[in-house]
Amino acid sequence: MRRDDTPERGKIIQLNEDAIKDHLGEMVRSTVEETLNRMLEGEADRLCNAEKYQRSDARKDTRAGHYERQLHTKAGEVTLKVPKLRQQTFETAIIERYRRREASVEEALIEMYLAGVSVRRVEDITEALWGTKVSPGTISNLNKKVYEKIEAWRNRPIEGMYPYVYLDGIVLKRSWAGEVSNVSVLVAIGVNAEGYRTILGVCEGAKEDKAGWSSFLRHLKGRGLQGVRLFITDACLGLVESLGEFYPEAKWQRCMVHFYRNVFSVVPAKKMVEIAGMLKAIHASEDRAAALEKAEVICAKLEAMKLREAAKKVKESIVETFAYYDFPREHRSRIRTNNALERIMKEIRRRTRVVGAFPDGHSALMLCAARLRHIAGTQWGSKRYLNMDLLREQELDKALELAEVI
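Residues numbered from 1 in each chain as written. Predicted model: local features only at pLDDT ≥ 70, side-chain atom pairs only at ≥ 80, totals over all residues. Heavy atoms only, no water.

Caption draft 1: Spotlight on the overall build of the protein chain. Across its full length, the protein chain carries 15 helices and eight strands. A total of 406 residues make up the protein chain; the buried ones form 41% of that total. A fraction of 64% describes how many contacts in the protein chain between residues 6 or more apart in sequence connect residues 24 or more apart. Looking at the protein chain as shown, the accessible area adds up to about 23,800 Å², and 51% of this sits on carbon and sulfur atoms. (Helix = DSSP H or I, 4+ residues; strand = E, 2+ residues; numbered from the N terminus. Buried < 20%, exposed > 50% of the residue type's maximum accessible area, 1.4 Å probe, protein only. Contact = heavy atoms within 4.5 Å. Areas by Shrake-Rupley, 256 points an atom, 1.4 Å probe, with all protein chains shown as cover.)

Structural data, given as C-alpha cells:
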C-alpha cells in the first residue's frame, strides 16, 4: 500500500451536518403535523360517533369538510386541517392545549419587544426557535393587545400624599405625513409618605412647552395628585408657569445639574472644571444665607475672569436652585437635582434607540409607559422625615432642648 493512499481514504465518507439537521428537522415537523391531524380526525370521529364515510345508525353528526390553520410549534410551522361539522361546533382539547402554547409564544414576543429587543432581532429569534419569521406587522398587532392594560395603568387614580415630585421629558422621533418630526413624552415620579418612589404618570406632548406641561399637570391633578410640597425639574419653557397655575402652594426646585450645564454653555472648555468647583462651593453652604453670600463672591470672581455671561447667569438664576434649603437636611442631597428621574429617562432612551422613528406618537407613548410600568418602586429615604407636621414638632423639640441647655 502506498503512503499517499492514506489521505484519500479519509475523504471517502463526508457528512454534511447542516443537511442532516435540515432533513431531521423536516422529519420531526412532518411527524408532528401528521400526528396532530390524526388526533383531530379522532376527535371528529368521537363527536360524530362514527368514522369518516361510515354508515351507522348511531351517527350523531356528519362532516362538512375542514379548514386549514397554521400553528407555530417548537418543531416549526405546521398546517392543521381542522374538521367542520354540520350540527355541532368542533371543539377539541388538542386545539385548546396548543392555543395556550400559542398564547405563551405571543406573550414572549411582546416581552422581548418591550424589554428592548429590536424587531429585526425578534425575527431572528423566532426563526431560530420555530423555523419561521414573525413580521413587524404581527409584532405591532400583538403589542396592541397590551395597550388597554397600559392605558388603564396610566389613568389609574393617584392615592395618598406625594411631598416630592420630579418632572422631566424625553424627545423622540416619529413619522408624520411622510416626514420625521419630534414628539415629547412627559414623565412624573413622586415620593410618597412611606418613602418610596412611584411612577405617577406619563403622557404625550407635542413639545415641552406651557401647553404640553399644563395638559400633563391637569392630567395628574385630575387623577388625584395632592400633598405636593416641592417640584424638582429643569427650567423648561412654560413649566414653572404651569406649576403656579395648578399647584400654587408647592415650591419649585430647579435642578442643580441642569443649572450647571446652562452656565457651562458660556464657559470655555478649559475653564469648566474650575467653574464646576466654584459652583459646587455655593451649594455646599450651610444654609440659604451663606449660599447667597458665597454666590456673590463667585460672581465677582467670574467678572474678574472676564466671564461676564456666566456671572450673569449665576446672578439671575442661582436663587432658583436654593428651594431645597427649606426642607429637611436629610433630604437635601436627593431633592436638589433631578437625578432620580434622569436615570429612568436614560433607560427609556436606551430602549427607544433601537426603534429609531416611531410610526406615531401613541406608539412612542405606549412603549415608554410599558417600560415605566415595570420599574419597581424603590425606597427613597427615611419615611419619618416625609411627614412635615412631625418634622416641625421634632424641630420645635430640638429648639426647646437647646434653649434649656443655654
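More follows now that the structure is in view.
Caption draft 2: Up close: the pairing of strand β4 (residues 179-191). Counting buried residues in β4 gives 10 out of 13 residues, a clear majority hidden from the surface. Two strands pair when backbone bridges link them, and β4 and strand β5 (residues 197-205) are joined in this way by eight bridges, in the antiparallel orientation. Paired with S184 across the strands is G205, a residue of β5. (Pairing = 2+ DSSP bridges.)

Caption draft 3: Summary view of the pairing of strand β6 (residues 230-233). Judged by which residues are buried, β6 turns out to be covered on both faces: L230 and I232 on one side and F231 and T233 on the other are all buried. Pairing of β6 with strand β7 (residues 251-254), which is carried by four bridges, proceeds in the parallel orientation. The residue bridging F231 from the neighbouring strand is W252, located in β7. With respect to chirality, the unit in which β6 leads through helix α7 (residues 239-246) into the neighbouring parallel β7 is right-handed. (Right-handed = clockwise from strand over helix to strand, strands pointing away.)

Caption draft 4: The arrangement of the packing of helix α9 (residues 272-283) against helix α10 (residues 288-304) in detail. Orientation of α9 relative to α10, taken along the N-to-C sense of each, is 160°, at an axis distance of 8 Å. Between α9 and α10, the angle falls in the class roughly antiparallel. As α9 runs across α10, the sense of the crossing is left-handed. Between α9, through I275, M278, A281 and I282, and α10, the contact on the second element is made entirely by A291, K294, A295, I298, K301 and L302. Residues that form the contact of α9 with α10 fall into these classes: eight nonpolar, no polar and two charged. (Axes fitted to C-alpha atoms, helices over the stretch in contact; angles between N-to-C directions. Parallel < 35°, antiparallel > 145°, perpendicular 65-115°, else oblique. Left-handed = near helix turned anticlockwise from the far one by under 90°. Nonpolar A, V, L, I, M, F, W, Y, C, P; charged D, E, K, R; others polar.)

Caption draft 5: Representation of the nonpolar core. I275, I282, L302 and V314 are the most contacted members of the largest nonpolar core, which totals 57 residues. Among the elements that line this core, the one with the most residues is helix α14 (residues 361-373), at eight residues. (Core = buried A, V, L, I, M, F, W, Y, C linked by side-chain atoms within 4.5 Å.)

Caption draft 6: Local environment of the packing of aromatic side chains. Following the criterion strictly, the structure yields seven aromatic pairs and no others. Consider the rings of Y164 and F327, whose centres lie 5.7 Å apart with planes at 70°: the pair is edge-to-face. Pair noted here: Y164 is in strand β3 (residues 164-176) and F327 is in the loop between α11 (308-317) and α12 (332-335), with a separation of 163 residues, a long-range link. You can call Y164 buried: its relative accessible area is 0%. Between the aromatic rings of W213 and F216, the centroid separation amounts to 6.1 Å while the plane-to-plane angle is 50°, which identifies the pairing as tilted. Of this pair, W213 and F216 both sit in helix α6 (residues 210-222), three residues apart, which is roughly one turn of the helix. For the residue pair W213 and F216, the accessibility class agrees, reading buried in each case. Clustering of aromatic rings is evident, with ring pairs tying together F259, Y260 and F264. K221 extends its terminal NZ or CZ atom over the ring of Y247, reaching a point 5.0 Å from the ring centre. (Phe/Tyr/Trp six-rings, centres within 6.5 Å; stacked < 30°, edge-to-face > 60°. Lys NZ or Arg CZ within 6 Å of the ring centre and 35° of its normal.)

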